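# Residue-level structure breakdown
Take a look at the letters that make up each chain.
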Amino acid sequence: MNLNGVGIWSSPLRYGDPGEAADAASELDELGFTALWIPDVGGPVLDSVANLLGATTNVVIATGILNMWMHEPHEVAAAHARLTSEHGPRFLLGLGISHAPLIDAQEAGRYRKPLATTKAFLDGLDDAENPVPTDSRVLAALGPKMLALSAERSRGAHPYLVTPEHTAIARTSLGDGPLLAPEQTVVLTTDRDEARSIGTPWLRGYLAMPNYANNLRRLGFSDDDLDSVSDRLFDAIIAWGDESAVLARIDQHRAAGADHVCLQVLQADQRAVPRAQWRRIADALR
């Protein structure tokens, strides 16, 4: 399972038209991206994984992340075994504990003991009839305890909404060896006003989640930074500009210890598949 290089993190590949998603995934495979990451905020995520695996030949398909509150470990393990048998070892199971406001909105008080819940889910994967191998799974991890669990019980960590400074902290916590695959958000425009109009509403949604807000506070951002979505915070989280700005941010993550960087490209219509932007990035990476 090749997890070097650069990948693409994409909500439209998960929630857009399945035919268009399959066609786009095929092109991304041909462009040389090494992994395609898709989110899980409800719905049949494993069907989407199957759709993307069936449309591609070489690229790894990864969940970024599969929400542990929405699935049963034995069912996930069975699906992983089936898809691996059909398509080879190209399914990376990214797992995450999600956020209290999202889970408690469905059932008040359900979100509790995230570390213990993650360990129990991993135990379920290990105890299944067809266990998910440790090197075929990663954990969404931001803080020290989840990063340590990532190194102990999985192939490594997939931090989301982070900076190169966090990547350096994560690498120190993980040590040498475990995979470190941060997500990096990108807006391909050299106009700050346009970048802010695209990225600020998107970022505000994530800043309402305590896990992300607390992680950014650990990195030195103030409540004022978070409340106002300051330029300092915006520029740290979102790489905006031309292709050279994107490549520079990838290099910063790599210098900080990342093995793989997955890019999430934002545009004005975030439901649309940003194929033109993906092509521009692929050309710049060559």
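Now for a look at the structure at hand. Everything numeric in this text was worked out from a predicted model, so none of it was measured.

This brings us to the overall build of the protein chain. The helix and strand tally for the protein chain stands at 14 helices and 11 strands. Taken over C-alpha atoms, the radius of gyration comes to 18 Å for the protein chain, in line with the 19 Å a tight globule of 286 residues would show. Principal axes of the C-alpha set define a box for the protein chain whose edges measure 55 × 40 × 40 Å. For the protein chain, the proportion of contacts with a sequence separation of at least 24, taken over those separated by at least 6, is 73%. Total accessible area computed for the protein chain in this model is approximately 11,800 Å², and 49% of it derives from carbon and sulfur atoms. The average position of the 25 basic charges and that of the 37 acidic charges among the side chains of the protein chain differ by 4 Å.

Glancing now at the pairing of strand S3 (residues 60-63). Going residue by residue along S3, you find Val60 and Ala62 tucked away on one face and Ile61 and Thr63 tucked away on the opposite face as well. In terms of strand pairing, strand S2 (residues 35-38) meets S3 through 4 bridges, oriented parallel. Along S3, the bridge assignment pairs isoleucine 38 with threonine 63. Tracing the backbone out of S2, into helix H3 (residues 45-55) and back to the parallel element S3 gives a crossover that is right-handed.

Before going further, it helps to spend a moment on the nonpolar core. Within the largest apolar cluster, 58 residues are counted, with the highest numbers of intra-cluster contacts made by Leu13, Leu95, Leu125 and Leu263. Tyr160, Leu179, Leu219 and Ala236 belong to the second-largest nonpolar core, a separate cluster that totals 35 residues.

So, how was this worked out
- Numbering of residues begins from 1 in every chain and follows the order in which that chain's sequence is written.
- Under the rules for a predicted model, residues below a pLDDT of 70 receive no local features and side-chain atom pairs below 80 are neither given nor counted, while totals for whole chains, interfaces and linings still include all residues.
- Heavy atoms from the whole structure form the basis of all side-chain values; hydrogens and water molecules are not counted.
- Under the scheme used here, helices are H or I runs from DSSP no shorter than 4 residues and strands are E runs no shorter than 2 residues, and both carry numbers assigned from the N terminus.
- We compute the radius of gyration from the C-alpha atoms alone; for a globule the expected value is 2.2 Å times N to the 0.38, where N is the number of residues.
- By definition, residues are in contact when any of their heavy atoms lie within 4.5 Å.
- For the accessible areas, the method is Shrake-Rupley and the probe is 1.4 Å, while residue cover comes only from the protein chains on display.
- Only four residue types enter the tally: Lys and Arg on the positive side, Asp and Glu on the negative side; His and the chain ends are excluded.
- Charge placement uses NZ in Lys and CZ in Arg. For Asp and Glu, CG and CD serve respectively.
- Partly exposed describes any residue whose relative accessible area lies between the buried limit of under 20% and the exposed limit of over 50%, with all areas from a 1.4 Å probe on protein chains only and scaled to the type maximum.
- Here, strands pair whenever DSSP counts at least two bridges between them.
- Every crossover in which the path from the first strand over the helix to the second runs clockwise, viewed with the strands pointing away from the viewer, is termed right-handed.
- Only buried residues count toward a nonpolar core. Its members are Ala, Val, Leu, Ile, Met, Phe, Trp, Tyr and Cys residues joined through side-chain atoms within 4.5 Å.

Remember, this is a structural readout, not a statement about activity or role.
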